[in-house]
Amino acid sequence: MRIGTFLGLLFAALAVGVPVFASGTSNTELNAALTRAITKLDREASMNAEGPMLLASLIEKEYGTREEELKWGMDHKLSWGEIAALAYIQRTTGKSFAQMNQEEARRDFSAYAENAGMSFDKMAHSLEGFLKTTERERNSRIFDKLRASRKVHPLPDLGNGFGLFQEALDFRSIDSPRPTKVFTGPGELAKGGQ
């Protein structure tokens, strides 16, 4: 009887303790992911002169942030990663950047999200997705510029027989689909047949 009670208590403690322990590590991982996304967004903005304009337009499109809020963030020297995080919170709660700044949301985004009743997990994943969207858009713009700046010069005509298409046409007219040698008459078969 004591062994059964002991095993029951052990399994109950594990059932309660493992999710609590697991949530603590995932929260740490989510904090690291959010910090990494904010840092990379800051770096995206500083890579070239078009970076801040690209981020501003993507934040407006993704999170519906008004231009006045973005200007407020730039005037108060917020980094672009922090602006993106505040834009996500604003989309969820409806609070202005100024109000969130007074409530010190920038100090600890995870605690602020939890206190506001938001899912910090969704916030971290949303900002990671936004970072990927930003990187894709930046790369697309780079490749568009390369395509537009590259001039393709036509190759000179080198005459008959040059170029893969010309060779294919030449060989098609040379090779005939019919057999070239036809043997008529009786002959010996190769393996001693009659």
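In what follows, the structure referred to is the one given above.
Described below are features of the structure shown in this document. (Residues numbered from 1 in each chain as written. Predicted model: local features only at pLDDT ≥ 70, side-chain atom pairs only at ≥ 80, totals over all residues. Heavy atoms only, no water.)

1. Regarding the overall build of the chain
Scanning the chain from N- to C-terminus turns up eight helices and zero strands. The linear arrangement of helices and strands in the chain, starting from the amino end, is α-α-α-α-α-α-α-α. Taking all 194 residues of the chain together, the buried fraction comes to 25%. Contacts spanning at least 24 positions in sequence make up 64% of the contacts within the chain whose residues lie at least 6 apart. Accessible surface, the chain as shown: approximately 14,300 Å² in total, 58% of it carbon and sulfur. (Helix = DSSP H or I, 4+ residues; strand = E, 2+ residues; numbered from the N terminus. Buried < 20%, exposed > 50% of the residue type's maximum accessible area, 1.4 Å probe, protein only. Contact = heavy atoms within 4.5 Å. Areas by Shrake-Rupley, 256 points an atom, 1.4 Å probe, with all protein chains shown as cover.)

2. Concerning the packing of aromatic side chains
Counting across every chain of the model gives two aromatic pairs. With a centroid separation of 6.0 Å and an interplanar angle of 85°, the aromatic rings of Tyr63 and Tyr88 are classed as edge-to-face. Of the two residues, Tyr63 sits in helix H2 (residues 51-63) while Tyr88 sits in helix H4 (residues 80-93), which places them 25 residues apart along the sequence. Using a relative accessible area of 4% as the deciding quantity, one classes Tyr63 as buried. Judged by its relative accessible area of 7%, Tyr88 is buried. With a centroid separation of 5.4 Å and an interplanar angle of 45°, the aromatic rings of Tyr63 and Phe130 are classed as tilted. Placement of the pair is Tyr63 in helix H2 and Phe130 in helix H7 (residues 120-149), with a sequence separation of 67 residues. The exposure class of Phe130 is buried, given its relative accessible area of 1%. (Phe/Tyr/Trp six-rings, centres within 6.5 Å; stacked < 30°, edge-to-face > 60°.)

3. Overview of a nonpolar patch on the surface
Together, Ile142, Phe143 and Leu146 make up an exposed nonpolar region whose accessible area comes to about 280 Å². If you trace the backbone, Phe143 turns up in helix H7. (Patch = residues over 30% accessible without salt bridge, like charges linked within 9 Å, V, L, I, M, F, W, Y side chains within 5 Å. Salt bridge = Lys/Arg side-chain N within 4 Å of Asp/Glu carboxyl O.)

4. Quick word on the side chain of Ser126
Counting through the fold element by element, Ser126 comes out in helix H7. Reaching out from Ser126, the side chain makes a polar contact with the side chain of Tyr63 at a distance of 3.1 Å. With sequence-adjacent residues up to four places away left out, Ser126 is seen in contact with Tyr63, Tyr88 and Arg91. (Polar contact = N/O pair within 3.5 Å; in protein donor to acceptor, adjacent residues only side chain to side chain.)

5. With respect to the side chain of Glu44
Inspection of the secondary structure puts Glu44 in helix H1 (residues 2-46). Accessibility expressed as a relative area gives 4% for Glu44, which makes it buried. In terms of polar contacts, Glu44 uses its side chain to reach the side chain of Arg138, at 2.7 Å. Setting aside chain neighbours within four positions, we find Glu44 in contact with Gly51, Leu131, Thr134, Glu135 and Arg138.

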